[in-house]
Amino acid sequence: MIIKLVRWFQGYLLVRLKGISTERFINLCSNRYIYLWDLKSNGDDYEFQIKLKDYYKLKPIAKKTGTLPLIKKRFGLPFVIQRYRKRSGYALGFLLFLAILYILSLFIWDINVSGGYTYTQEAMVKFLRNNDIHPGLQKKDINCQEIEDLIRHSYNDIGWVSAEIKGTRLVVKITETNMPAPAVTATSNCHIIASKDCIITKIVTRTGTPKVGIGDVVKKGDILVSGVVDIIGDNELLVRKQPVIADADITGKTFYDYSDKFSLYYNDKVYTGNEKKSYLFSIFLKKINLYRPRIPYDKYDIIGNEFTLHLNDEFYLPVSLDTNRYLEYKEEKKKYSEAEAKALAEKRLNRFIKKLVEKDVVILENNVTVAVKGNNCIANGKLVVLESVKDYKAIDDNEWRIIDTDESDGNDN
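Residues numbered from 1 in each chain as written. Predicted model: local features only at pLDDT ≥ 70, side-chain atom pairs only at ≥ 80, totals over all residues. Heavy atoms only, no water.

Draft legend 1. Local environment of the sheet that holds strand S10 (residues 209–210). Spatially, four strands are ordered S10-S12-S8-S23 in an open sheet, and the strand pairing comes out antiparallel. Of all the strands in the sheet, just S10 and strand S23 (390–394) have a single pairing partner and so form its edges. Pairing of S10 with strand S12 (residues 223–226) involves two bridges; the strand directions are antiparallel. Looking at S12, one finds that Pro210 is bridged to Val225. (Pairing = 2+ DSSP bridges. Helix = DSSP H or I, 4+ residues; strand = E, 2+ residues; numbered from the N terminus.)

What follows is the structure, encoded as structure tokens:
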């Protein structure tokens, strides 16, 4: 493969050899170390391939043997360059296109937020915009750690945040405190600590020193598996303490508080079938209205559909087309019956439970009660669950370094 690539860069030819002394021609090429390959007999003639630079060495041999090496085909980079030399505009255009792509790759053109249960993509993107984090920023001006800290400090019910740059996208993943955080893999020496209050139901330690057992009640932050291992020598004496990356599977019995409340009275939307559409073109964050009709409706929903031009899932470009549909509706005041309200509350609860199950949480008990009180439907209670309860904590040097007190005293003297 490498040989073929080298030949392509150097250029090579398919040659047809005619004449009365073709065998002598081939022998002389061999004697002069001119390499021919894919040599094939074609009646009285021969065909072979040869490097472009070696072809120019054939003239004296052909004259001496009375043969005629005719070029049948040309291959390789030299001929590609020659072919497009008169079309320099194409080459310049291609180079300009590559330069534009490179410049665009230095910026963020799309923000994607996922993982929220309460907070939608639109709400989080608006929050980031209000804090000067928006499409069009250079990557070098974006600090993902600061974005994570900003979201955590601004939302008390968001317990886990991850921000990273992928291509020309800023990808933000969030997990609210009433949902389990995604599994995280440790990459440096650490302890495993409890991520929440729980009763330990399973612990399988692979690396580290277990500090708890099955049935133990632990608090959030307690060390479950220490990342400091005692190295024992002869006579059962402690030689040293060794920091490691603690690794274990730990499951705990814990619970989630669930609370939901909504009014029995609601406005039902009845769509009339009337609809208007508008089109908006955006390039480099500059919005251009292609068509925006007058909206004659008193009440309407807007359904937006934005298509952003992108080369793949990570390389988004600053060009988009937005289509908005304006759907007219009229409101009718209605009231849920007690059965309808309870069914809706159960549906909302099941949606919450489904998200837990998707994160490998096992539901042991559902102690949530649904009741209609006055003009409200209220769901309240606890979900008792089994789930992974591990988090990580860095190891301090003073946890494993052994200070020689005798040496220390001697130095003082």
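Picking up after the structure, the text goes on.
Draft legend 2. Just unusual backbone geometry, in detail. The backbone of Tyr33 shows a phi angle near 55 degrees, a positive value even though the residue is not glycine. One can find Tyr33 in the loop between helix H2 (22–31) and strand S2 (36–42). One non-glycine residue with positive phi stands out, namely Phe284, at about 50 degrees. For Phe284, the location among the structural elements is in the loop between strand S16 (265–283) and strand S17 (286–291).

Draft legend 3. Local environment of the side chain of Gln49. Tracing the chain through its elements places Gln49 in strand S3 (residues 45–51). Judged by its relative accessible area of 16%, Gln49 falls in the buried class. Of note is the side chain of Gln49, whose polar atom sits 3.4 Å from the side chain of Asp38. Among all residues touching Gln49, those that are not within four sequence positions of it are Tyr12, Leu13, Leu14, Tyr35, Leu36, Trp37 and Asp38. (Buried < 20%, exposed > 50% of the residue type's maximum accessible area, 1.4 Å probe, protein only. Polar contact = N/O pair within 3.5 Å; in protein donor to acceptor, adjacent residues only side chain to side chain. Contact = heavy atoms within 4.5 Å.)

Draft legend 4. Quick peek at the nonpolar core. The biggest cluster of nonpolar side chains holds 20 residues, and the ones touching the most others in it are Met124, Leu128, Ile147, Ile151, Leu170 and Val172. Looking at this core, the elements that each hand over two or more residues are strand S5 (110–114), helix H7 (121–130), helix H8 (144–154), strand S6 (158–166) and strand S7 (169–176). In terms of residue count, the dominant contributor to this core is H7 (four residues). Once residues lying within four places of it in the same chain are set aside, the contact partners of Ile151 are Met124, Phe127, Leu128, Ile158, Val161 and Val172. (Core = buried A, V, L, I, M, F, W, Y, C linked by side-chain atoms within 4.5 Å.)

Draft legend 5. Here's a closer look at H2. Those residues of H2 that sit buried are Thr22, Phe25, Ile26, Leu28 and Cys29. End-on, the buried residues of H2 take up no more than an arc of 160 degrees, which puts them together on one face. When the buried face of H2 is taken as reference, the exposed residues oriented beyond 90 degrees from it are Ser30 and Asn31. Summarising the contacts, the buried residues of H2 are in contact with strand S1 (12–19), S2, S3, helix H4 (59–65) and strand S4 (67–75). A positive phi of about 55 degrees marks Tyr33, the residue just after H2. (Arc of directions from axis to C-beta.)

Draft legend 6. A look at the sheet that holds S2. Within the open sheet, the four strands sit side by side as S2-S3-S1-S4. Their pairing is antiparallel. Where the open sheet ends on each side, the last strands, each with one partner, are S2 and S4. In this sheet, adjacent strand axes meet at a mean angle of 20 degrees when their direction is disregarded. In terms of strand pairing, S2 meets S3 through five bridges, oriented antiparallel. Opposite Lys40, over in S3, you have Glu47 as the bridge partner. (Axes fitted to C-alpha atoms, helices over the stretch in contact; angles between N-to-C directions.)

Draft legend 7. The packing of H7 against H8, seen in detail. Put simply, H7 and H8 touch, their axes get as near as 12 Å, and they point 110 degrees apart. With respect to H8, the axis of H7 lies roughly perpendicular. When the axes of H7 and H8 are compared, the crossing they make is right-handed. Packed against H7, whose contacting residues are Met124, Phe127 and Leu128, the element H8 presents Ile147, Leu150, Ile151 and Ser154 at the interface. Residue composition of the contact of H7 with H8, by class: six nonpolar, one polar and no charged. (Parallel < 35°, antiparallel > 145°, perpendicular 65-115°, else oblique. Left-handed = near helix turned anticlockwise from the far one by under 90°. Nonpolar A, V, L, I, M, F, W, Y, C, P; charged D, E, K, R; others polar.)

Draft legend 8. A look at the pairing of S1. Bridge count for S1 against S4 is eight bridges, and the pairing is antiparallel. What sits directly across from Leu17, in S4, is Pro69. Sheet topology places S1 next to S3; six bridges connect them, and they run antiparallel. Paired with Leu13 across the two strands is Ile50, which belongs to S3.

Draft legend 9. Representation of the environment of Asp313 in the model. Looking at the element boundaries, Asp313 is found in the loop between strand S18 (300–310) and strand S19 (316–335). C-alpha of Asp313 to C-alpha of Thr168: the two residues are 145 residues apart in sequence and 9.5 Å apart in space.

Draft legend 10. Spatial organisation of the packing of aromatic side chains. In this structure the tally under the stated criterion is 15 aromatic pairs. A ring pair is formed by Tyr12 and Phe75, whose centres lie 4.9 Å apart and whose planes are at 15 degrees; its orientation type is stacked. On the criterion of sequence distance, the pair formed by Tyr12 in strand S1 and Phe75 in strand S4 is long-range, its members being 63 residues apart. For Tyr12, a relative accessible area of 17% translates into the label buried. Judged by centre distance (6.1 Å) and plane angle (80 degrees), the rings of Phe262 and Tyr336 are edge-to-face. Note that Phe262 is positioned in strand S15 (residues 247–263) and Tyr336 in the loop between S19 and helix H9 (338–358), a separation of 74 residues in sequence. In this structure an aromatic cluster arises from ring pairing among Tyr12, Tyr35, Trp37 and Phe75. Just above the ring of Tyr329 sits the side chain of Lys269; from NZ or CZ to the centre is 4.9 Å. (Phe/Tyr/Trp six-rings, centres within 6.5 Å; stacked < 30°, edge-to-face > 60°. Lys NZ or Arg CZ within 6 Å of the ring centre and 35° of its normal.)

This is a description of form; function is not addressed.
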